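The primary structure of each chain is shown beneath.
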Amino acid sequence: MARWHAAHWCCVFCLHLLEVVNGWLPPTVKIGAIFTDDQRDSAVEMAFKYAVLRVNRDSKILPNTTLKHYIEYAPRDNSFHASKQACLLVEKGVYAIFGPSDPLLGAHVQSICDALDIPHVETRLDVERHAKEFSINLHPHQPVMNAALRDVMTFLNWTRVAIIYEEENGLIKLQDLIRTPPNMEIEIAIRQGTPDTFRHVLKEVKSREIFNLIVDTRAESMPTFLRAILQLQMNDYKYHYLFTTFDIETFDLEDFKYNFVNMTAFRLVSDSFHVREILRQMEQFQPVGHSIISKSGVIEAQPALMFDSVLVFARALTALQGGAPLEYSSVSCGREQPWPDGSSLFNYINAVRELRGLTGPIQFSEGKRTTFKLDLLKLKQHALVKVGEWTPAGHVNITDYEAFYDPGTLNVTLVVTTNLDRPYVMLRQGTNLTGNDRFEGFCIDLLRSVANFVGFNYTIMLNPDGIYGLPDPETGEWNGLVRQLIDKKADLAVGSMSINYARESVIDFTKPFMNLGITILFKVPTSQETRLFSFMNPLAVHIWLYVLAAYLLVSLTMFVVARVSPYEWQNPHPCTAEDDVMENQFSISNSFWFTIGTLMQQGSDLNPKAISTRIVGGIWWFFTLIIISSYTANLAAFLTVERMITPIESAEDLADQSDISYGTLEGGSTLTFFRDSKIDTYKKMWRFMENKKPSVFTKTIEEGISRVLQGNYAYLAESTTIDYIVNRNCNLTQIGGLLDSKGFGIATTMGSPWRDPISLAILELQEKAVIHTLYNKWWKDNVGSCNRDDKNKESKASELGVANIGGVFVVLLCGLAFAVCVAIVEFCWTAKRNAQLDKQSLCSEMVEELCFAMRCHASDQRPALTRHCDRCMTPATAGIPRGAHDPPPLNGSQQMAGGEPHYAVAGRYCFTPCRDSEDNGVMKMMELSRRSPLPEYES
């Protein structure tokens, strides 16, 4: 007995020493697996065995440790037996238990592992949201899978969906899809089906015209479901099936490939070179009669997850090397004593990072897998192809948009409804035209390009009522093209059909092929009549009056300031310093002359000398500088640019008046815009249009054009339509800018599979400038376009005529005539005064003065007349040179009191300065009385 104890302790010591050498790992690590009876020798079991073998053969993973596996089986409907099998594995000292994949059996096994602190590695779908202790699940969590399905639904723009599930927990699995976010308007029909009721459920879905289906069935029931689709002829392009299974590649889809049925599903197993190499090696391991990989070379999701789970466990053991020693698992179900090292091993498994297996990258958080990648597969004409991928971080990423509809040799004819609308859709001029050849226009060319790109045939059908579509305000029923699509009488609607919220709620639209807005069509305003005095237009009438008032005010101010300021009074004879006579140059007439001279930019010989008068003059010069410069600049625009009389300039002008009527196309989106607008101006316009009698709405655009040409009417329509009309009719023009912003799109039925392919075609045509070329073709390059730009250019560069500036010549002539009249008045007035002084008749005086003025060789100097004065000066003093003809000086009795000599005046005139008592102290040359004439001083 003593020897036996000594040997026992010796063995324990040796094993402990071996653990230290191996990095605290025992030489053999036991693991257990539980499979259901129907999984005996299945691909899942074979994948588990191969994974253990691969780890043991790889010297880099566990070089000194060997994995030893134990496998037990349990019926699917016997959870008690599964619990016993789990306890049996625990008593064998396993470090972890793998499986089973059945949800009911897995829950019982997990509870045992939780009680004994043994890691439980699962590969099943778990619908429970809360975390479980000691449970590591490699299968993506169901809430995350629901997010992936929702992203695909959003990308496909599904608005009506039918969910068909088979198992009882299927509704629990897809509950997140049923709870759609508030911002998603989606109608969901939920039906549970079995292999016996699949046909009945699909028939109901077909009768409700639901074309988008989410299918959640068991793998063994999938062939029955596919056969029911074929029996009900739900295998055409209208239907789109989204499967929740990861094994869509393992089913026979031969009957669906060439009917262009839309089938989409996720794939968990990656298609990388690393995965293909593992599968090749795995295929060599397969014993005779058993297979892990299908005949098509595809591995299912469950075997792949089981393979990755063993790799995860081995990676955790590798990380455990060098840590605390891992004791043997010596627990049992009979004792409620957990394994002390179980929690440490679980933490290492949960901390596995940067591991890439058959199912992609692997990472955990609280036992749930957080890192993985799903490939999005789409059935095309020849096979299932990868068209994108989904990750929890990046969500859906489509890499092949064209794969959602195969543009191959497709023998599908779509019914296209449209309205006649220039230049979008027009009837071709000619005889013996049938079918689609009857039509031409921008949308016809666009439809032809899209059909060639996507790959379908089409038949164009005219809409009988000619309306695009508008809901009835009382019943909510639609009319026009929208009604045709709702009733499934047409597949597409093409034309100048704008995209708006109301239409988008009942039908689908593609990407817009043209962006536009509402604007105003109006008759070209008449040119402003050229007026003779149009040169006065640069300044308003009241500005001219203000300038005249400023001229009077400044002139009077200059006169008053000059007379008040002492510096404006100057000695007229600077050589006579003792002269007591002062002269002021700014008389009332001179003040007005100085002001008008500077206003006309001509100046005068009057210069202010005092600071005050200079300030007045400087301010007036600055004023005239601004006025003249502004007038000159504005005059160029008024005389060279054609002035138009435009009664309206914008929508606000239309709303603020009632003389000009305005309306829109009846039953169009423009009418809907004004009817539903919340802007006060547009609401006011809608009330006017709605209550106007007779009606301002038109049946066709041609009717609206005719009413505009008649005058006193404005037409509200899309800017592209108005551009086309204006380019071809020079009597029409566009008023104001765009009232809104929207786009034209091709309409499809709700949930139509053609929407996305056509949208891709439109984007492709836009990038290649095909749509822009079509726009130039139908808007600008056709014969009959109005050459409006050249006309405007000529009008701006035309020379000025008499009609533009003739008024200036009229003003000149009037001024000359007025000056002549004033000269005549002055002449008559002076002649009358001189006649009174000379005591002769007025006629003789006027004849003498006129003869003197008309002499061609007369001197440019003449003596001034004087009247009687008491004081005379010598001729030299008076500015007359003394000569031989000078009169003799007077005698002493004839001299003035001041001692200055007087001269006898022999001639008719004499010069003498005299102080006039009425001249306010201003020294002037006064006229002497007429006597004998003086000698002429012509030389």
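Shown above is the structure to which this text applies.
The residue count restarts for each chain, going from 1 along the sequence in the order it is written. Totals for whole chains, interfaces and linings use all residues, but because this is a predicted model, local features are given only for residues with pLDDT of at least 70 and pairs of side-chain atoms are given and counted only at 80 or more. Values shown for side chains rest on all heavy atoms present in the structure; no hydrogens or waters enter the calculation.

Novice: Help me understand the overall build of the protein chain in this model?
Specialist: Scanning the protein chain from terminus to terminus reveals 29 helices and 33 strands. Accessibility here uses a 1.4 Å probe with only protein chains present; expressed as a share of the type maximum, an area under 20% marks a residue as buried, one over 50% as exposed, and anything in between as partly exposed. Buried positions account for 46% of the 939 residues belonging to the protein chain. What makes two residues a contact is simply this: any of their non-hydrogen atoms within 4.5 Å. Long-range contacts, defined as pairs at least 24 residues apart, comprise 70% of the intrachain contacts of the protein chain with a sequence gap of at least 6. Of the roughly 48200 Å² that the protein chain leaves accessible, carbon and sulfur atoms contribute 56%. Put simply, DSSP H or I for four residues or longer makes a helix, DSSP E for two residues or longer makes a strand, and each gets a number counted from the N terminus. Only the protein chains shown count as cover for residues, and all accessible areas are computed by the Shrake-Rupley method using a 1.4 Å probe.

Novice: I'm lost on the environment of Gln233 in this one. Help?
Specialist: Relative to the helices and strands, Gln233 resides in the loop between helix H9 (222-231) and strand E9 (240-243). Residue classification places Gln233 among the exposed positions, given a relative accessible area of 60%. Separated by 30 residues in sequence, Gln233 and Lys203 have C-alpha atoms that sit 9.9 Å apart.

Novice: Please clarify how the pairing of strand E28 (residues 713-718) should be interpreted in this entry.
Specialist: Looking along a regular strand, one sees the side chains alternate between the two faces of the sheet. With six of six residues buried, E28 lies mostly within the body of the structure. Any two strands are treated as partners once DSSP identifies two or more bridges connecting them. In this sheet, E28 lies alongside strand E24 (residues 518-523) in antiparallel orientation, the contact comprising four bridges. Each bridged residue has a counterpart across the sheet, and for Ile520 the counterpart in E28 is Leu716. Where strand E27 (residues 661-663) lies against E28, three bridges are found, and the strand directions are parallel.

Novice: Hey, could you run me through the packing of aromatic side chains in this one?
Specialist: Centre distance and the angle of the planes are the two values used to describe a pair of aromatic rings. Two rings belonging to Phe, Tyr or Trp (six-membered ring only in the last case) form a pair when the distance between their centres is within 6.5 Å. Interplanar angles under 30 degrees mark stacking, angles over 60 mark edge-to-face geometry, and anything in between is tilted. By the definition in use, this model includes 31 aromatic pairs. Ring geometry for Trp544 against Tyr631: centres 5.8 Å apart, planes inclined by 75 degrees, an arrangement best described as edge-to-face. Of the two residues, Trp544 is situated in helix H17 (residues 541-564) and Tyr631 in helix H19 (residues 611-640); the sequence distance between them amounts to 87 residues. A ring pair is formed by Trp686 and Phe697, whose centres lie 5.9 Å apart and whose planes are at 45 degrees; its orientation type is tilted. With Trp686 in helix H22 (residues 680-691) and Phe697 in the loop between H22 and helix H23 (701-710), this residue pair connects regions lying 11 residues apart in the sequence. Here the two residues Trp686 and Phe697 agree in accessibility, since each one is buried.

Novice: Could you clarify how one ought to interpret the side chain of Gln39 in this entry?
Specialist: Residue placement: Gln39 occurs in the loop between strand E1 (28-36) and helix H2 (43-57). Using a relative accessible area of 9% as the deciding quantity, one classes Gln39 as buried. Not counting the four nearest positions on each side in its chain, Gln39 is found in contact with Val44, Glu45, Arg76 and Ser101.

Novice: Mind showing me how you'd approach unusual backbone geometry here?
Specialist: Peptide bonds are trans in most cases, and residues, glycine excluded, mostly fall at negative phi. Of note, the amide linkage connecting Gly99 to Pro100 takes the cis form, showing an omega dihedral of 0 degrees. Structurally, Pro100 can be placed in the loop between strand E3 (96-98) and helix H4 (103-116). Look at the link from Lys693 to Pro694: it is a cis peptide, with omega at 0 degrees. Within the secondary structure layout, Pro694 lies in the loop between H22 and H23. In this structure, Phe134 is a non-glycine residue whose phi angle is positive, near 60 degrees. A positive phi angle is found at Glu209, which is not glycine, with a value near 55 degrees. Relative to the assigned elements, Glu209 resides in the loop between helix H8 (198-207) and strand E8 (212-216). The class of Glu209 is partly exposed, set by a relative accessible area of 39%.

Novice: What should I look at first to understand a nonpolar patch on the surface in this one?
Specialist: Together, Leu420, Leu427 and Leu462 line one region of the surface with nonpolar side chains, adding up to about 250 Å² of accessible area. Inspection of the secondary structure assignment puts Leu462 in strand E20 (residues 457-462). Surface patches are drawn from residues lacking salt bridges whose relative accessible area is over 30%; two like charges belong together within 9 Å, two nonpolar side chains (Val, Leu, Ile, Met, Phe, Trp, Tyr) within 5 Å. Every case where a carboxyl oxygen of Asp or Glu lies within 4 Å of a side-chain nitrogen of Lys or Arg is listed as a salt bridge.

Novice: How do you make sense of the pattern of salt bridges when you look at a structure like this?
Specialist: A full pass over the atoms with the stated rule returns 31 salt bridges. When the shortest N-O distance is used, the salt bridge between Glu204 and Arg191 registers 2.8 Å. You can see Glu204 sitting in helix H8 and its partner Arg191 sitting in strand E7 (residues 187-192), a full 13 residues away along the chain. Look at Arg191 and you get partly exposed, because its relative accessible area is 28%. Taking the shortest distance from any N to any O, the salt bridge between Glu718 and Lys742 comes out at 3.4 Å. Linking Glu718 in strand E28 with Lys742 in strand E30 (residues 742-744), this pair joins segments that are 24 residues apart in sequence. Through salt bridges with shared partners, a single ionic network connects Glu249, Arg267, Lys373, Asp375, Lys386 and Glu389.

Novice: What am I meant to see in the side chain of Ser221 here?
Specialist: When you line up the elements, Ser221 lands in the loop between E8 and H9. Classification of Ser221 by relative accessible area gives buried; the value is 2%. Of the polar contacts made by the side chain of Ser221, one reaches the side chain of Glu166; its length is 2.8 Å. In contact with Ser221, not counting residues within four places along its chain, are Glu166, Pro195 and Phe198. What qualifies as a polar contact is a pair of N or O atoms within 3.5 Å, subject to a donor-acceptor requirement within protein and to the restriction that residues adjacent in sequence count only when both atoms come from side chains.

Novice: Please clarify how the sheet that holds E24 should be interpreted in this entry.
Specialist: Whenever strands of a sheet pair, they do so through backbone hydrogen bonds, lying parallel or antiparallel. As summarised here, the arrangement of the four strands in space is E27-E28-E24-E29, forming an open sheet in which the pairing is mixed. In this open sheet, the two edge strands, each paired with only one partner strand, are E27 and strand E29 (732-735). Pairwise comparison of adjacent strand axes, ignoring direction, gives a mean angle of 30 degrees for this sheet. The sheet contacts of helix H21 (residues 669-676) involve E24 and E28, and relative to E28 the element is tilted by about 105 degrees. Interaxial angle, 0 to 180 degrees, is taken between N-to-C directions of lines fitted to C-alpha atoms, where a helix line uses only the stretch in contact. Sitting on the sheet, H22 is in contact with E27 and E28, with an inclination near 95 degrees to E27.

Novice: Even after reading the chapter, I still don't get the sheet that holds E7, so can you show me in this structure?
Specialist: Spatial strand order, E7-E6-E8-E9-E10-E14-E15-E16: eight strands in an open sheet with mixed pairing. What marks the edges here is a single partner per strand, and that holds for E7 and strand E16 (395-398). Strand-to-strand twist in this sheet, taken as the mean axis angle between neighbours without regard to direction, amounts to 25 degrees. Note: E9 against strand E10 (residues 262-267), four bridges, orientation parallel. The residue of E10 that forms the bridge with Phe243 is Ala265. In this fold H9 packs onto strand E6 (160-165), E8, E9 and E10, with an angle of close to 175 degrees to the strand it touches most, E9.

Novice: What's the story with H21 in this structure? I'm lost.
Specialist: Residue pairs spaced three or four apart in an α-helix point in one direction, given the helix's 3.6 residues per turn. Along H21, the positions that sit buried rather than exposed are Ser669, Thr670, Leu671, Thr672 and Phe674. Tucked inside the fold, the buried residues of H21 contact helix H16 (501-504), E24, H22, E28 and E30.

Novice: Explain the environment of Leu345 to me, please; I cannot follow it from the model alone.
Specialist: Along the chain, Leu345 turns up in helix H13 (residues 342-350). Since its relative accessible area comes to 0%, Leu345 is described here as buried. With 211 residues separating them in the primary sequence, Leu345 and Phe134 have C-alpha atoms 9.4 Å apart. The residues touching Leu345, leaving out its near neighbours within four places in the chain, are Tyr95, Pro119, Phe313, Leu317, Leu320 and Trp339.

Novice: Quick question: what am I supposed to make of the nonpolar core here?
Specialist: Soluble, globular proteins show a tendency: their nonpolar side chains are buried together. To qualify as a nonpolar core, a set must consist of buried Ala, Val, Leu, Ile, Met, Phe, Trp, Tyr and Cys residues joined through side-chain atoms within 4.5 Å. Ranked by size, the top nonpolar core spans 95 residues in total, and within it Phe48, Phe98, Phe266 and Phe313 carry the most contacts. Here this core gets 13 residues from one element, more than from any other, and that element is helix H12 (residues 301-320). Not counting chain neighbours up to four residues away, the residues in contact with Phe98 comprise Ile31, Gly32, Ala33, Ile34, Phe48, Val121, Met306, Ser309, Val310 and Phe313. Membership of the second largest hydrophobic core comes to 46 residues, among which are Ala655, Phe697, Ile701 and Leu732.

Novice: I tried to follow the environment of Gln585 on my own but got confused; where do I start?
Specialist: Structurally, the position occupied by Gln585 is in the loop between strand E26 (583-584) and helix H18 (588-599). When the C-alpha positions of Gln585 and Trp569 are compared, they lie 7.8 Å apart, and in sequence the two are 16 residues distant. The residues contacting Gln585, other than those within four sequence positions of it, are Glu568, Asn590, Leu606, Asn607, Pro608 and Lys609. For Gln585, the side chain forms a polar contact with the main-chain oxygen of Asn607, separated by 2.7 Å.

Novice: Help me out: how do you make sense of H17 in this one?
Specialist: Helix length check: H17 (24 residues) gives 35 Å between terminal C-alpha atoms against 34 Å at 1.5 Å per residue, within 8%. Restricting attention to buried positions, one finds in H17 the residues Val547, Ala550, Tyr551, Val554, Ser555, Met558 and Ala562. Given the number of residues in a helix, its expected span is that number minus one, multiplied by 1.5 Å.

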